[in-house]
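Geometric and topological summary
Each chain, written out:
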Amino acid sequence: MKAYHVVGEAPMYTNTFLLISEGGHAAVIDPAAAPEDYNALLKKEGAALTDILCTHGHFDHVGSAAELKEQWHAKLWCEKADLGGGQFFPLQAADSGYEEGGVVRVDEMEFTVWHTPGHTPGSVCLLCGGYLFTGDTLFAGSIGRTDLPGGSSRQMEDSLRKLAGLPIPEGAQVLPGHGDLSTFGEELKHNWYIKSACKQD
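What counts and how
Residues numbered from 1 in each chain as written. Predicted model: local features only at pLDDT ≥ 70, side-chain atom pairs only at ≥ 80, totals over all residues. Heavy atoms only, no water. Helix = DSSP H or I, 4+ residues; strand = E, 2+ residues; numbered from the N terminus. Rg over C-alpha atoms; globule rule 2.2 N^0.38 Å. Buried < 20%, exposed > 50% of the residue type's maximum accessible area, 1.4 Å probe, protein only. Contact = heavy atoms within 4.5 Å. UniProt positions renumbered as here; feature names shortened; annotations may be inferred. Pairing = 2+ DSSP bridges.

**Focus: the overall build of the chain**
- The number of helices and strands found in the chain is 5 helices and 13 strands.
- The C-alpha radius of gyration of the chain comes to 16 Å, within 12% of the 17 Å expected for a compact globule of 201 residues.
- Counting only C-alpha atoms, the chain reaches 50 × 35 × 30 Å along its principal axes.
- The buried share of the chain, taken over its 201 residues, is 50%.
- Here the analysis covers contacts within the chain between residues at least 6 apart in sequence; of these, 56% occur between residues at least 24 apart.

Here you go:
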């Protein structure tokens, strides 16, 4: 497996990621960059995009989802709760949502999915090997906003407690939707929001 960090367009500069399997199939996480950015990497690797995995449906994470889906006939994954066709949730449809604890497979790559509402109703986190894609649920030292449409501070606290109790290796690299990268162990030890949520148990 090869992994590429592709930064989205200004002014949001969303973190997006392209993973390519040994068999030459690819999955993009949160397609916010220009389609040509992904296509250049796919051409370089001789790979075909088969899956588009959205951690949530906000506009700054799905900007090129529709175009990439049309170009590559890729399967688009996003929770129904984050589909709406409006300003904040521009996607109107997806091919599939996610099963809690389920696995999305792309050749040898396996993405285990957990629902983590709070930032949006349909937010998810995905674990693939040593990579934990957290979208706007968990940032390095922080969390996503809960004051936007569909956000909920109570659900976010529940999701943080849930994450802390999942079988996620502490060495897993936290790949958030914005900001710096981290590790899950560092967040468990130092992220005030996780520590605070866990104290409420």
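Having put the structure on the table, let's press on.
**Quick look at the UniProt feature "domain: Metallo-beta-lactamase" (unreviewed entry) in the chain**
- With numbering matched to this structure, UniProt assigns "domain: Metallo-beta-lactamase" (unreviewed entry) to residues 13–178.
- What you have in residues 13–178 is 19% helix and 30% strand, and the ends, taken at the C-alpha atoms, are 7 Å apart.

**Quick look at the environment of Thr146**
- Mapped onto the secondary structure, Thr146 falls in the loop between strand 11 (142–143) and helix 3 (153–165).
- Of the residues examined, Thr146 reaches a relative accessible area of 24% and is grouped as partly exposed.
- Between the C-alpha atom of Thr146 and that of Glu45, which follows or precedes it by 101 residues, the distance is 38 Å.
- In contact with Thr146, not counting residues within four places along its chain, are Gly118, Gly151, Ser152, Ser153 and Met156.

**Some thoughts on the pairing of strand 12 (residues 173–176)**
- The pairing of strand 9 (residues 131–135) with strand 12 spans 4 bridges and is classified as parallel. Within strand 12, the position partnered with Leu132 by the bridge is Val174.
- Of the pairings in the sheet, the one linking strand 12 to strand 13 (residues 182–183) comprises 2 bridges and is antiparallel in character. Paired with Gln173 across the strands is Thr183, a residue of strand 13.
- Here strand 12 hands over to strand 13 after 5 residues, with Gly179 in that stretch at a positive phi of 85°.

**Quick word on the sheet that holds strand 9**
- With mixed pairing, the 6 strands of this open sheet are ordered in space as 6-7-8-9-12-13. Each edge of the sheet is formed by a strand with only one pairing partner; in this case those strands are strand 6 (103–106) and strand 13.
- In the sheet, strand 7 (residues 109–115) pairs with strand 8 (residues 124–128) via 4 bridges, with the strands oriented antiparallel. The residue of strand 8 that forms the bridge with Val113 is Leu126.

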